[in-house]
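Residue-level structural notes
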Amino acid sequence: MEDSALRAYVTTLRQTFHQHPELGFQEFETSRRVREELTSLGLPIQSCCGTGVVAELTGTVPGRRVLLRADMDALPMTEETGLPFASICPGVMHACGHDAHTAMLLGAAKLLAEQREQLKGSVRFLFEPAEEFGGAGLKLIEEGVLEGVDAVFGLHVSGGLPCGKVNVQAGPRMAGCDGFSVTLQGVAGHGSAPHLTVDVIPALAAVLLSLQTVVSREIDPADSAVLSVGTVQAGTASNIIPGEAALTGTLRYFRPEVGQTLRAALERVVQHTASAFRVEHQITWRMGLPPVVNDPAVTAIAARSACAVLGEQALVEDAAAIGSDDFACYLQKVPGVYAFLGISNPEKGITYSCHHPKFDLDEDALSSGSRLHAQFALDYLNAHSN
Ligand code: NI
């Protein structure tokens, strides 16, 4: 397929999705358009997890199966880019590039459908709903999207990398995260008679300060980890000792073992500090997402694909991101790689990072993204063909 035709196809789709952003599980129009495009390529499609779409391209020669994934949802924020194709939906914006992800994967489906004869195995295309805020990844896995899949590949645009560059790196690439809330119960009473109460305020203060030593004293300095308390709540008046206090926070880490250490330390510190202060405690976990960890062997193949598409000099190393992505759930089950495609371009004024109301991307990167998806699928299947 000519690059100009591919560019036009992917750019038009991206701008359409951008202008009509939809929040998680409400991607009705996006999903309809995705199904329409895939059907026009002659691919059998299936709905998953509500608005999600899965399509299958089966090659003429049997072989392995690779899954290529894009996410489709937008964010609840108001766009301030002033682009001619800016969001027409108030309070909803594609500020994380998922419009581009969806368009690029459709471009890849078109490229691969044209090369069906050369395909040694099959390619599954997954258009995932609701990646933001927890993600649909686990539900999609329960619905069987990974069944029979040997490798997964995903691509996220990166405002931290210039257009023309790509990061394909083995090991931890994005952080795992868990949320926690801690509630302490004591005995309320008058501020003038603390001996008749069991005061939760000093207990909460002690818990809060002790938690600050978990990362600094228990985590290997060579590992990265965060334990942050984001809310603290207690009391209603200056002369009342409250009966209950609460705090909430978040954990971030790149290795699952570090996550286990953080959770165990938090539980131990809360439990023993609470008992030292004679208060009851309750800990509630909101298990977030595991870290995104790229498989070395699959990453090596994807790195070669990236060089083939963008040139040797395009491949760059980058620090792992402290943000999270539910692509991590797939990588826990199947070896794969999450790559980052450079889209910033200061000369065009494209400098804002994801989740900013002025976030935009250099559309020159889009066709490379489609080609990278497709090239990876071909390279992986060729590498494992008999
Ligand atoms: Ni995103």
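Please refer to the structure placed before this passage.
In this report, the structure presented in the accompanying data block is examined. (Residues numbered from 1 in each chain as written. Predicted model: local features only at pLDDT ≥ 70, side-chain atom pairs only at ≥ 80, totals over all residues. Heavy atoms only, no water.)

**Considering the overall build of the protein chain**
Threshold: Only DSSP runs of H or I with at least four residues qualify as helices, and only runs of E with at least two residues qualify as strands; both kinds are numbered from the N terminus onward. Partly exposed residues are those whose accessible area sits between 20% and 50% of the maximum for their type, while under 20% is buried and over 50% is exposed, using a 1.4 Å probe and protein chains only. Here, residues are in contact when the closest pair of their heavy atoms is within 4.5 Å. Method for areas: the Shrake-Rupley scheme with a 1.4 Å probe, in which residue coverage is limited to the protein chains shown. Only four residue types enter the tally: Lys and Arg on the positive side, Asp and Glu on the negative side, with His and both chain ends excluded. Charge placement uses NZ in Lys and CZ in Arg. For Asp and Glu, CG and CD serve respectively.
The secondary structure content of the protein chain amounts to 9 helices and 15 strands. In terms of principal-axis extent, the alpha carbons of the protein chain reach across some 80 × 45 × 40 Å. The buried share among the 386 residues of the protein chain stands at 51%. Residue pairs in contact within the protein chain that sit at least 24 positions apart in sequence constitute 80% of those at least 6 positions apart. In the form shown here, the protein chain has an accessible surface area of approximately 16,300 Å², with 52% of it arising from carbon and sulfur atoms. Of the side-chain charges in the protein chain, 27 are positive and 43 negative, and the distance between the mean point of each set is 3 Å.

**Section: helix α5 (residues 200-218)**
Selection criterion: Here, expected helix span is obtained from the residue count minus one, scaled by 1.5 Å. The reported arc concerns the directions from the helix axis to the C-beta atoms and nothing else. Here a polar contact means two N or O atoms within 3.5 Å. Within protein one must be a hydrogen donor candidate and the other an acceptor candidate, and residues neighboring in sequence count only if both atoms are side-chain atoms.
For α5, which comprises 19 residues, the first-to-last C-alpha distance of 26 Å matches the rise-based estimate of 27 Å (1.5 Å per residue) to within 8%. Considered for burial, the residues of α5 that qualify are Val200, Ala203, Leu204, Ala206, Val207, Leu211 and Val214. Take α5 and look down its axis: the buried residues cluster within an arc of 160 degrees, on one side only. Residues of α5 that are exposed and point over 90 degrees away from its buried face: Leu209 and Arg217. Close packing links the buried residues of α5 with β8 (176-185), β10 (225-234), β12 (244-253) and α6 (256-276). Residue Asp199 occupies the N-cap position of α5, its side-chain oxygen lying 2.9 Å from the main-chain nitrogen of Ile201.

**Considering the nonpolar core**
Within soluble globular proteins, side chains that are nonpolar generally end up buried alongside one another. As a reminder, the rule being used: Here, nonpolar core refers to any group of buried Ala, Val, Leu, Ile, Met, Phe, Trp, Tyr and Cys residues whose side-chain atoms link them within 4.5 Å.
By size, the foremost hydrophobic cluster in this structure holds 63 residues, and its most contacted members are Leu112, Val123, Phe125, Phe127 and Phe376. Here this core takes 10 residues from helix α3 (residues 98-114), the largest share from any one element. In this structure, Phe125 is in contact with Leu43, Val53, Val54, Ala55, Leu57, Leu68, Leu105, Ala108, Ala109 and Leu112, ignoring residues within four places of it in sequence.

**Looking at the pairing of β8**
Here is the key point about a regular strand: its side chains alternate between the two faces of the sheet. Worth spelling out the cut-off: For two strands to count as paired, DSSP must find a minimum of two bridges between them.
Judged by how many residues are buried, β8 sits mostly within the fold: 8 of 10 residues are covered. Strand direction decides the pairing type here: β8 and β12, joined by 10 bridges, are antiparallel. Looking at β12, one finds that Gly179 is bridged to Thr250. Note that β8 and strand β13 (residues 280-289) share 9 bridges and pair antiparallel. Bridging from a neighbouring strand, Phe180 pairs with Trp285 of β13.

**Describing the environment of His384**
With respect to the helices and strands, His384 occurs in the segment after α9 (366-383). In the structure, His384 is positioned 320 residues away from Arg64 in sequence and 7.0 Å away in space, judged by C-alpha atoms. With near-sequence residues (within four places) excluded, His384 lies in contact with Arg64 and Ile301.

**A look at the sheet that holds β12**
This is how the line gets drawn: Inter-axis angles, ranging from 0 to 180 degrees, are taken between N-to-C directions of lines fitted to C-alpha atoms, where helices are fitted over the stretch in contact.
The 4 strands are arranged β10-β12-β8-β13 in an open sheet whose pairing can be described as antiparallel. What marks the edges here is a single partner per strand, and that holds for β10 and β13. Across the sheet, the axes of successive neighbouring strands diverge by a mean angle of 15 degrees, strand direction being ignored. Sitting on the sheet, α5 is in contact with β8, β10 and β12, with an inclination near 170 degrees to β10.

**Focus on the coordination of the nickel ion**
In plain terms, the rule: Donors, by definition, are the N, O and S atoms found within 2.8 Å of a metal, the threshold being 3.2 Å for Na, K and Ca, and water is not counted, so a site can look incomplete.
Taken together, Cys96 (SG), His98 (NE2) and His156 (NE2) make up the protein donors of the nickel ion, found 2.2 to 2.3 Å from the metal. Ordering the donors of the nickel ion by residue number gives the pattern C-x1-H-x57-H. Here the residue His98 occupies a position in helix α3, and His156 occupies one in strand β5 (residues 151-162), the gap between them amounting to 58 residues. Each member of the pair, His98 as well as His156, carries the same accessibility label: buried.

**Re the packing of aromatic side chains**
Which entries qualify depends on this criterion: When two rings of Phe, Tyr or Trp (its six-membered ring) have centres within 6.5 Å they constitute a pair, described as stacked for plane angles under 30 degrees, edge-to-face for angles over 60, and tilted for the intermediate range. The rule for a charge over a ring is simple: NZ of Lys or CZ of Arg within 6 Å of the ring centre, and within 35 degrees of the ring normal.
Per the stated rule, a full pass over the model turns up 6 aromatic pairs. Seen from their ring centres, Phe180 and Trp285 are 6.0 Å apart, and the 65 degrees between their planes marks the pair as edge-to-face. Remark: Trp285 occurs in strand β13 and Phe180 occurs in strand β8; sequence separation between them is 105 residues. Owing to a relative accessible area of 3%, Phe180 belongs among the buried residues under this scheme. Ring geometry for Phe327 against Tyr330: centres 5.6 Å apart, planes inclined by 80 degrees, an arrangement best described as edge-to-face. Here Phe327 and its partner Tyr330 are both found in helix α8 (residues 327-333), 3 residues apart, which amounts to about one turn of the helix. As far as the burial class goes, Phe327 and Tyr330 line up, both buried. Across from the ring centre of Tyr9, 4.6 Å away, lies the NZ or CZ of Lys110, which sits over that ring.

**Examining the pattern of salt bridges**
Put simply, the rule reads: Within this document, salt bridges are pairs made up of a side-chain nitrogen of Lys or Arg and a carboxyl oxygen of Asp or Glu, the two lying within 4 Å of each other.
Taken as a whole and assessed by the stated rule, the structure comprises 22 salt bridges. Note that Arg14 and Glu363 form a salt bridge whose closest N and O atoms lie 2.9 Å from each other. Of this pair, Arg14 sits in helix α1 (residues 3-19) while Glu363 is found in the loop between β15 (336-344) and α9, placing the two residues 349 residues apart along the sequence. Between Asp362 and Lys348 there is a salt bridge, and its shortest N-O distance comes to 2.9 Å.

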